[in-house]
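Working through the structure, step by step
Below are the chains, spelled out letter by letter.
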Amino acid sequence: MSVYHAGSRAVQDLAGVRDRADHVGRSLTPDIKPVAAAFLELQPLLVVGAADPATGRVWASPVTGAPGFVRAAGPRRMSVTGGPPPADPLAAALTAPGIPVGTIALDPRTRRRMRLNGRLRPTPRGFAVAAEQVFANCPKYIQRRETCERVQDRVPGTPRPLTALGDEQAALVAAADTFFLATVHTDGADASHRGGNPGFVRVVSPRELAWPDYPGNAMFRSLGNLHTDPRAGLLFLDWTTGTTLQLTGSARTGFGAGGERTVRFTVTGGVHTPAALPLRWSAPGYSPANPDIPR
């Protein structure tokens, strides 16, 4: 049985990479191997992507804690202590048994990332995910940040709902070298990472963003999901101040004559939260894989 659904297959065929995708797809497994379990227990940040059953909107939400708050609780089960704050747009959804979730743990200190997708089960201390697909990605487009510290006295600001980007949100997006993308399909969800030099995400208008889809692992899980279901959620964060910008909306992919791909995202809602995360990372060392930004 293929690890890919029809949407991913369609995009793989458009890009002419089906054979490569088949090769890479062999790495997908429901098992959390010991090296993956050890990686999880070192992380202070987990990003969760899902569709809110109450609204149908897709969001990407950050969850933080002291290392060990995310751990493997068995060969096919990830346990998370805590969750997003009550005001987070996914807070209620992450108490719903059985919803599909995608998660990604990304460590800028080592330029490693791990993705785990499955079904959520609430627990007395947070939630667990029954793993269906576990896989790592290469370090491409991950900016190195040497250190991370927990800022004990940081107080989160009041979340600000929005329907379009103002100047402050547009500036955060324009300065971003990283964001997280949540997508869904008929029977699952996925959370992934996008990275590049600052400016790789363009604010086309207060309600539209665009970014190039750089060459990756050829699986096209995110773009495959968008091919069949355009709903998406984005998470931008300020790695110094902990400020977050969560956007929900729809996305579409355009294919150029030379094979280049551009994703355009239409904003239908969002939440901007100053100092949302208690983490402060050091300045980035940009990935050598990042393409130059045309000026």
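Scroll up a little and you will see the structure.
Description of the structure in this document. From a predicted model like this one, the values you see are computed outputs, not experimental measurements. (Residues numbered from 1 in each chain as written. Predicted model: local features only at pLDDT ≥ 70, side-chain atom pairs only at ≥ 80, totals over all residues. Heavy atoms only, no water.)

Observations regarding the packing of aromatic side chains
By the definition in use, this model includes six aromatic pairs. Pairing Phe179 with Phe200 gives two aromatic rings, centres 6.0 Å apart and planes at 25°, and the pair type is stacked. Here Phe179, found in strand S11 (residues 178–185), pairs with Phe200, found in the loop between strand S12 (188–195) and strand S13 (202–205); they are 21 residues apart in sequence, far enough to count as distant. A relative accessible area of 0% means that Phe179 is categorised as buried. (Phe/Tyr/Trp six-rings, centres within 6.5 Å; stacked < 30°, edge-to-face > 60°. Helix = DSSP H or I, 4+ residues; strand = E, 2+ residues; numbered from the N terminus. Buried < 20%, exposed > 50% of the residue type's maximum accessible area, 1.4 Å probe, protein only.)

Notes on the side chain of His272
Examined against the element boundaries, His272 turns out to sit in strand S17 (residues 261–273). Looking at His272, the relative accessible area reads 1%, which means it is buried. Side-chain polar atoms of His272 contact the side chain of Gln169, separated by 2.9 Å. Residue contacts for His272: discarding those within four places in its chain leaves Thr158, Pro159, Arg160, Leu162, Glu168, Gln169, Leu172, Thr243, Thr244 and Leu245. (Polar contact = N/O pair within 3.5 Å; in protein donor to acceptor, adjacent residues only side chain to side chain. Contact = heavy atoms within 4.5 Å.)

Quick notes on the packing of helix H1 (residues 6–15) against helix H2 (residues 18–25)
Put simply, H1 and H2 touch, their axes get as near as 8 Å, and they point 130° apart. With respect to their mutual orientation, H1 and H2 come out oblique. Of the residues in H2, those in contact with Arg9, Gln12 and Asp13 of H1 are Arg18, Ala21 and Asp22. (Axes fitted to C-alpha atoms, helices over the stretch in contact; angles between N-to-C directions. Parallel < 35°, antiparallel > 145°, perpendicular 65-115°, else oblique.)

As for the sheet that holds strand S7 (residues 126–137)
Across the sheet, which stays open at both edges, the seven strands sit in the order S2-S1-S5-S6-S7-S4-S3 with antiparallel pairing between neighbours. Only two strands of the sheet have a single partner each, and these edge strands are strand S2 (58–64) and strand S3 (70–74). In this sheet, adjacent strand axes meet at a mean angle of 35° when their direction is disregarded. Relative to S2, strand S1 (residues 45–51) runs antiparallel, the two being bridged by seven bridges. By the bridge assignment, Leu46 is partnered in S2 with Val63. (Pairing = 2+ DSSP bridges.)

Thoughts on the environment of Leu165
By the element assignment, Leu165 lies in the loop between strand S10 (160–162) and helix H4 (167–175). By relative accessible area, Leu165 is classed as buried at 8%. In contact with Leu165, not counting residues within four places along its chain, are Ala170, Val173, Val203, Pro206, Leu209, Leu245 and Leu247.

Re the side chain of Ser79
Here Ser79 shows up in strand S4 (residues 77–81). Ignoring sequence-local partners within four residues, the contact set of Ser79 consists of Phe69, Val70, Arg71, Ala73, Phe127 and Ala128.

Description of the pairing of S11
Buried residues dominate S11, accounting for seven of its eight residues. Both S11 and S12 contribute to a ladder of eight bridges, which runs antiparallel. Residue pairing for S12: His185 is matched across the bridge by Gly188. In sequence, S11 turns back onto S12 through a hairpin of two residues. Across four bridges, the pairing between S11 and strand S15 (residues 231–237) is antiparallel. Bridging across to S15, Leu181 finds its partner in Leu234.

What about the packing of H1 against helix H5 (residues 221–228)?
Direction vectors running N to C along H1 and H5 enclose 110°, while the axes themselves pass 7 Å from each other. Comparing their axes, H5 and H1 come out roughly perpendicular. As H1 runs across H5, the sense of the crossing is right-handed. Two secondary-structure elements touch here, H1 through Gly7, Ser8, Ala10 and Val11 and H5 through Arg221, Leu223, Gly224, His227 and Thr228. Of the residues contributing to the contact of H1 with H5, the split by class is three nonpolar, five polar and one charged. (Left-handed = near helix turned anticlockwise from the far one by under 90°. Nonpolar A, V, L, I, M, F, W, Y, C, P; charged D, E, K, R; others polar.)

Purely geometric numbers; function is a separate question.
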